Amino acid sequence: MEKGLPVMLLKLARDIVSVVKDQISSKRIQKIKRLLIRQKITDFKYVEGLVRWSASTEFLEKEEWNLTDVFRVIRPKVKNLPSYTEACKSISSIYAIKDIEAESRLERFSDYIVEKVLNGEVGDETLVDAITTFVNDLENNPIIWNISVEIIGLWLKDEEIEIIKGVKLRKPIPNDLEFERPVESLVPMFVEPISTLSAVLEITQREKSRENIRLRLDKVLLALRLFKIGSVQALKIKWMPKSILESGYVSWTYRLQPVVYKYPLSSEELEKIKTFFNKMLPLLPTIRGRTGAGDHLFISIQRYNDSLFQPDPSERLAYAIMGLESLFLKSREREELAHRLGQRVAKCLSVFDHEPLEVYNIVKNSYDIRSCLLYTSDAADELDGVD
């Protein structure tokens, strides 16, 4: 990277600070009052993963800078700065991109600096951090993603648990449910679902793309389903990148699966879950990207996921057995399938001190029930006690 670009950006940032301060002092940009609605949470209780609360709403006025003035007055003055033109040409030359693309990226940087100045953040430390972040974006280097995920399917006995570096679970707090927004957004294009979270998952990870951090989240959720049997799924996700060119956003899950299984997690299991995650995360296949879609491990995990979210016990059993078939039966095998499956699963689980004969009988009987479910209608009596 050409050594002079950070110096050019620092000169531009300082020029922007001067422009904004001049416009404020001359009152060419002013603040306006805006009516907001706030949801305040009271009587918050968290008992074994069940969150109960009362909510009250209040209206309040806040002074905010008139964005129309900001864009109408400040942006043209910034673009007329010699330091802006110089930085734009340098970006276009260094990264071999068209002038219009270079200007689009520099405009995002300039708007970011303007926002910081309007919020009273004008120190050199803030400017240097912004320049470092912007250059990192231009270089297409990995960026730090902070994501906060409201989940269901497990609950915590402790306030928080750091599973591995950069992955933490914590109990919900009232602030997770509170919000403050303009009154005009009371009739939005979509309706935010009512949160029924039982825990909050927080991930901090340096990744090169939005898709990579999404895949990281998918693997963490899958590992939580595998550590214990739990219908773990995301309700709401806040995506917060440390970036100027990559925007943050919020996403929701509108079609939730039934929470059939739910389990507690405590600090007493910390070493077990750390060991499990460190070993399992590198081994888990990429589900969202369909990597290995014909692979036996991929298929078995898909069937396991299916079994966790089926309200009907017979369907849960059928999907669970299909998952074991993907792992332990060969595609060309046609005879004594129940016997072979039971024998192989029993041998595998004997390593973990499970009684082989007991495992064999459970798997063989489950396979027989699964076959009855698929090919006959006489299996209802066999399902007593299946959960």
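Residues numbered from 1 in each chain as written. Predicted model: local features only at pLDDT ≥ 70, side-chain atom pairs only at ≥ 80, totals over all residues. Heavy atoms only, no water.

Visitor: What am I meant to see in the nonpolar core here?
Guide: Side chains of nonpolar character tend, in soluble globular proteins, to be buried together. Counting 43 residues, the largest nonpolar core has Ile151, Leu154, Leu169, Leu201, Leu217, Leu224 and Phe277 as the members making the most contacts within it. Ranked by residue count, the leading element in this core is helix α6 (residues 210-227), at eight residues. Discounting chain neighbours no more than four positions away, the residues touching Leu224 are Ile151, Leu154, Ile163, Leu169, Val232, Tyr263, Ile273 and Phe277. Counting residues in each nonpolar core, the second largest holds 35 residues, with Ala13, Ile29, Ile113 and Ile131 among its members. (Core = buried A, V, L, I, M, F, W, Y, C linked by side-chain atoms within 4.5 Å. Buried < 20%, exposed > 50% of the residue type's maximum accessible area, 1.4 Å probe, protein only. Helix = DSSP H or I, 4+ residues; strand = E, 2+ residues; numbered from the N terminus. Contact = heavy atoms within 4.5 Å.)

Visitor: In this structure, what is going on with the confidence of the model for the protein chain? I would like to understand it.
Guide: Low pLDDT marks regions whose predicted coordinates should not be analysed in detail. Taken as a whole, the protein chain shows an average pLDDT of 89; of its residues, 91% reach a score of 70 or greater. Confidence scores differ between elements of the protein chain, with strand β7 (residues 179-182) showing the lowest mean pLDDT of 85 and strand β6 (residues 167-170) the highest of 97. Predicted confidence for residues 289-293 stays below pLDDT 50, and this span has eight contacts to residues more than four positions away or in other chains. (pLDDT = per-residue confidence, 0-100.)

Visitor: What am I meant to see in unusual backbone geometry here?
Guide: Both trends apply: most residues other than glycine have a negative phi, and most peptide bonds are in trans. A positive phi is found at Asn140, a non-glycine position, where the angle reads about 60°. In this fold, Asn140 is placed in the loop between α5 (124-138) and β3 (143-152). If you check the backbone angles, Glu336 has positive phi at about 50° while not being a glycine. Position of Glu336 among the secondary structure elements: in the loop between α9 (313-328) and α10 (337-350). Of the residues examined, Glu336 reaches a relative accessible area of 55% and is grouped as exposed.

Visitor: Quick question: what am I supposed to make of the packing of α6 against helix α7 (residues 270-280) here?
Guide: For any two helices packed against each other, one specifies the crossing angle of their axes together with the interaxial distance. Packing of α6 against α7 leaves a shortest axis separation of 11 Å and a crossing angle of 130°. Comparing their axes, α7 and α6 come out oblique. When you trace α6 past α7, the crossing you get is right-handed. Taking contact as the criterion, the partners of Val220, Ala223, Leu224, Leu226 and Phe227 in α6 are, on α7, Lys272, Ile273, Phe276, Phe277 and Met280. Here the residues of the contact of α6 with α7 are counted per class, giving nine nonpolar, no polar and one charged. (Axes fitted to C-alpha atoms, helices over the stretch in contact; angles between N-to-C directions. Parallel < 35°, antiparallel > 145°, perpendicular 65-115°, else oblique. Left-handed = near helix turned anticlockwise from the far one by under 90°. Nonpolar A, V, L, I, M, F, W, Y, C, P; charged D, E, K, R; others polar.)

Visitor: I keep staring at the pairing of β3 and nothing clicks. Help me out?
Guide: A regular strand carries its side chains on alternate faces of the sheet. Summarising burial for β3: eight of the ten residues are buried, a large majority. Across nine bridges, the pairing between β3 and strand β8 (residues 199-207) is antiparallel. What sits directly across from Glu150, in β8, is Val200. With eight bridges connecting them, β3 and strand β9 (residues 233-241) associate as antiparallel partners. Across the sheet, residue Ile151 finds its bridge partner in β9, namely Ala234. (Pairing = 2+ DSSP bridges.)

Visitor: Help me understand the sheet that holds β7 in this model?
Guide: Working definition: the strands of a sheet are paired by backbone hydrogen bonds and lie parallel or antiparallel to each other. The three strands are arranged β2-β1-β7 in an open sheet whose pairing can be described as antiparallel. Bordering the open sheet on either side are β2 (50-65) and β7, each of which pairs with just one other strand. Direction aside, the axes of adjacent strands within the sheet are offset by 20° on average. Where strand β1 (residues 31-47) meets β2, 15 bridges bridge the pair, whose relative direction is antiparallel. Its bridge partner lying in β2, Ile37 is registered against Phe59.

Visitor: Explain the packing of aromatic side chains to me, please; I cannot follow it from the model alone.
Guide: Ring pairs (aromatic) are described by centroid distance and by the angle formed between their planes. Taken as a whole and judged by the stated rule, the model has four aromatic pairs. On the basis of an interplanar angle of 15° and a centroid distance of 5.6 Å, the ring pair of Trp239 and Tyr249 is categorised as stacked. Placement of Trp239 in strand β9 and of Tyr249 in strand β10 (residues 249-252) is noted, with a sequence separation of ten residues between them. Residue Trp239 is classed as buried on the basis of its relative accessible area of 1%. Here the aromatic cluster, defined as three or more aromatic residues joined through ring pairs, consists of Phe227, Phe276 and Phe277. (Phe/Tyr/Trp six-rings, centres within 6.5 Å; stacked < 30°, edge-to-face > 60°.)

Visitor: Looking at this structure, I do not really get the environment of Gly49. What am I missing?
Guide: Of note, Gly49 is situated in the loop between β1 and β2. When its relative accessible area of 3% is taken as the criterion, Gly49 is described as buried. Distance in space between the C-alpha atoms of Gly49 and Arg72 is 50 Å, their sequence separation being 23 residues.

Visitor: Got a minute to help me understand the packing of helix α4 (residues 99-118) against α5 in this structure?
Guide: Across the interface, α4 lies against α5 with an axial gap of 11 Å and an inter-helix angle of 160°. The pairing of α4 with α5 is recorded here as roughly antiparallel in orientation. The handedness of the crossing between α4 and α5 comes out as right-handed. Contact residues: α4 offers Arg105, Leu106, Phe109, Tyr112, Ile113 and Lys116, while α5 offers Thr126, Leu127, Ala130, Ile131, Phe134 and Leu138. Of the residues assigned to the contact of α4 with α5, the class counts are nine nonpolar, one polar and two charged.

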